[in-house]
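Descriptive analysis of the structure
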Protein chains: 2
Amino acid sequence: MAVVTDRDRNGGFVRPLSIAESVHERIYERIMSLEIPPGARIPIDGLARELNVSQTPVREALTRLEREGLVQKAHLIGYSASPQLTRKEFDDLYKFRLLLEPESARQACLNLTPETLARIEGAASDMEKGEPPVDRNSRYSRFARADAHFHDEIMKVADNATVRQAMNDQHIHLHIFRLMFHSRVTQEALEEHEHLLAAFRAGDADAAYEAMHDHISRSRDRLVAAFE
Amino acid sequence: MAVVTDRDRNGGFVRPLSIAESVHERIYERIMSLEIPPGARIPIDGLARELNVSQTPVREALTRLEREGLVQKAHLIGYSASPQLTRKEFDDLYKFRLLLEPESARQACLNLTPETLARIEGAASDMEKGEPPVDRNSRYSRFARADAHFHDEIMKVADNATVRQAMNDQHIHLHIFRLMFHSRVTQEALEEHEHLLAAFRAGDADAAYEAMHDHISRSRDRLVAAFE
DNA sequence: TAAAATCAAATCCTATATGATATTGCATTT
DNA sequence: AAATGCAATATCATATAGGATTTGATTTTA
């Protein structure tokens, strides 16, 4: 098995990347892309053979994914991809977002510098343009990731590592995409982001809070159609 | 290696418990009890020999603990217990709690039934009595666990699985105990819990919000002494 | 025919072996 | 005496093997 290597950001050094880590990424991608659909079994030895690695790193990757909530484990039975969000879980998730994200937007606004504002604006504009997608699914998938990136940039500026990690641990974009992979990119979401940016540019923290609250509420209302 | 078994709650069936799981628990206990102090190396083969198991389940347990934030991993170097909370992390954690817990207390109050109130009251009274502790450390350790249980009972009633899990993922009682293991059980905390219970009994959701907010703020102020 | 029992294949969980990498201590050099 | 280089040891990461359990189908029995 050839050792996968990666260029280190700091120096130009090349250092080996663990097989377990790359297996983790590959399984994550398969779940995100619905190649492994919700509820599907994920046999360890099958994956190991398919990826040309041994079972040990596959086990390690699945253990991590379980703790991340993306797969489930039944002792002596095996792993399977986590099922779709239920309506209740969806509602809980959005209540959770509404508790954390508007306040984080307010805090981000207070911490804002020209550099960090530019980063957020860059993340926002990344969502509009982009390579021509091969199909609608991949387009929405990319939209979901870019949206997650935009929100995370705001979280970075809000500068609360606990809150940021709790948000990222939810893998919101993955669950949303699995729920609505057939969805289309809405112009509305982009406009709501624009409102948020306007509040940031004006340095109006309360307006940022409101804009984020509004954005998440509307996002919830758009997605709730998946359950009807 | 003898297989560890456990009695199933439902039927009287006996089913094997995985070694990986029991290793996970044992390492958790060692970290909680400071037997493995913050920052200490945790060699895989050493632990495996000591616990009379192979390296595979130890690896799996450590992978889970890493994802839980209790240990850190450096590729090709090894695992170590996570360091103490920094002041910044402590502050972030309490801001996080203040965003989620008061609102959860409000919601719990709205959902309250006689049965669930009784459960919460039971958790509260568990904190006051208890076996005579062998030393002050173990007493505070038990206090920390009981406090976590009390807060979690409220989370259960609030009935938002996302919020509840995000809270539990923080392992607050473990970090607090490691920070303040020499601390003593304060009468104040018990009184604050009593205020919260009073609001619950009165069915006053706003008062429950305020009581929880007050309790967490005061808790933070009591603990912040650890950094001075 | 339906239910129970049996058996084989698949899969899991754990143990062990092996090569690769990092760390440590000692010797050597400057 | 400090610094450097090298070898030995410790530890990690992965591969592979074997015992244990579940699953599913086939056979048997009521």
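Residues numbered from 1 in each chain as written. Chains lettered and ligands numbered in written order. Predicted model: local features only at pLDDT ≥ 70, side-chain atom pairs only at ≥ 80, totals over all residues. Heavy atoms only, no water.

**Brief notes about the packing of aromatic side chains**
Tallying each qualifying case throughout the model produces 4 aromatic pairs over all chains. Taken together, Phe-90, Tyr-94 and Phe-227 of chain A form an aromatic cluster joined through their ring pairs. (Phe/Tyr/Trp six-rings, centres within 6.5 Å; stacked < 30°, edge-to-face > 60°.)

**Let's talk about the interface of chain B and chain A**
Frequently, the measure chosen for interface size is the accessible area removed from exposure when the parts meet. At the interface, 32 residues of chain B touch 32 residues of chain A. The contact between chain B and chain A buries some 2,700 Å² in all, and 56% of this surface belongs to carbon and sulfur atoms. When the area that chain B buries against chain A is broken down by residue, the three leading residues are Arg-67, Leu-99 and Thr-162 of chain B, summing to 24%. Across the contact surface, chain B and chain A share 10 salt bridges. Residue Asp-169 of chain B pairs with Arg-67 of chain A through a salt bridge whose shortest N-O separation is 3.0 Å. Counting the contacts that link chain B with chain A gives 14 residue pairs in polar contact (both at pLDDT 80 or more). Of all the secondary structure elements, the ones that give two or more residues to the side of chain B that touches chain A are helix H3 (55-67), helix H4 (87-111) and helix H7 (161-168) of chain B. (Contact = heavy atoms within 4.5 Å. Buried area = accessible area lost by both parts, 1.4 Å probe. Salt bridge = Lys/Arg side-chain N within 4 Å of Asp/Glu carboxyl O. Polar contact = N/O pair within 3.5 Å; in protein donor to acceptor, adjacent residues only side chain to side chain. Helix = DSSP H or I, 4+ residues; strand = E, 2+ residues; numbered from the N terminus.)

**Structural notes on the relation of the copies chain B and chain A**
When chain B is fitted to chain A, the best match, at an RMSD of 0.0 Å, comes from turning it 180 degrees and sliding it 0.0 Å along the axis. Look at the turn and shift together and you get a two-fold axis relating the two. Both copies present the same face, since 100% of the interface residues in chain B are matched by interface residues at the equivalent positions in chain A. (Least-squares fit on C-alpha atoms with pLDDT ≥ 70 in both.)

**Notes on the protein's contact with DNA strand C**
In the vicinity of DNA strand C there are 23 residues, among which Arg-59 and Leu-76 of chain A together with Ile-19, Ser-54 and Thr-56 of chain B approach most closely. Sugar plus phosphate, as a fraction of atoms of DNA strand C within 4 Å of the protein: 76%. Within the side chain of His-75 of chain A, one N or O atom sits 3.4 Å away from a phosphate oxygen of DNA strand C. Between DNA strand C and Ile-19 of chain B there is a distance of 2.4 Å, counted from a phosphate oxygen to a backbone nitrogen or oxygen. Only strand E3 (41-42), helix H2 (44-51) and helix H3 (55-67) of chain A together with helix H1 (19-32) and H3 of chain B provide two or more residues apiece to the surface near DNA strand C. Considering each element in turn, the surface near DNA strand C owes the most residues, 3 residues, to H3 of chain B. Partitioning the surface near DNA strand C into residue classes produces 12 nonpolar, 7 polar and 4 charged. (Near = heavy atom within 4 Å. Nonpolar A, V, L, I, M, F, W, Y, C, P; charged D, E, K, R; others polar.)

**A look at the sheet that holds strand E4 (residues 71-74) of chain A**
Residues and elements named next belong to chain A. Across the sheet, which stays open at both edges, the 3 strands sit in the order E3-E5-E4 with antiparallel pairing between neighbours. Looking along the sheet, the strands with just one partner apiece sit at the ends: E3 and E4. Relative to strand E5 (residues 78-81), E4 runs antiparallel, the two being bridged by 4 bridges. Each residue of the ladder has a partner; that of Lys-73, found in E5, is Tyr-79. (Pairing = 2+ DSSP bridges.)

**Quick notes on the sheet that holds strand E5 (residues 78-81) of chain B**
Adjacent strands of a sheet pair through backbone hydrogen bonds, lying either parallel or antiparallel. Within the open sheet, the 3 strands sit side by side as E3-E5-E4 (chain B). Their pairing is antiparallel. At either margin of the open sheet sits one strand with a lone partner, and together these are strand E3 (41-42) and strand E4 (71-74) of chain B.

**Considering the side chain of His-175 of chain A**
Residue and element names in this part refer to chain A. Within the secondary structure, His-175 is located in helix H8 (residues 172-179). Residue classification places His-175 among the buried positions, given a relative accessible area of 11%. Ignoring anything within four residues of it in the chain, the contact list for His-175 reads Leu-85 and Gln-170. (Buried < 20%, exposed > 50% of the residue type's maximum accessible area, 1.4 Å probe, protein only.)

**What about the protein's contact with DNA strand D?**
Residues in close proximity to DNA strand D total 22 residues, the closest being Ile-19, Ser-54 and Thr-56 of chain A together with Arg-59 and Leu-76 of chain B. Backbone atoms, meaning sugar and phosphate, form 78% of the atoms of DNA strand D found within 4 Å of the protein. Thr-56 of chain A is positioned such that a nitrogen or oxygen atom in its side chain is 2.9 Å from a base nitrogen of DNA strand D. Between DNA strand D and Arg-59 of chain B, the relevant distance is 2.7 Å, taken from a phosphate oxygen to a side-chain nitrogen or oxygen of the residue. Breaking the surface near DNA strand D down by element, the ones donating at least two residues are helix H1 (19-32) and H3 of chain A together with E3 and helix H2 (44-51) of chain B. Here the surface near DNA strand D gets 3 residues from one element, more than from any other, and that element is H3 of chain A. Each residue belonging to the surface near DNA strand D can be placed in one class, and the counts come to 12 nonpolar, 6 polar and 4 charged.

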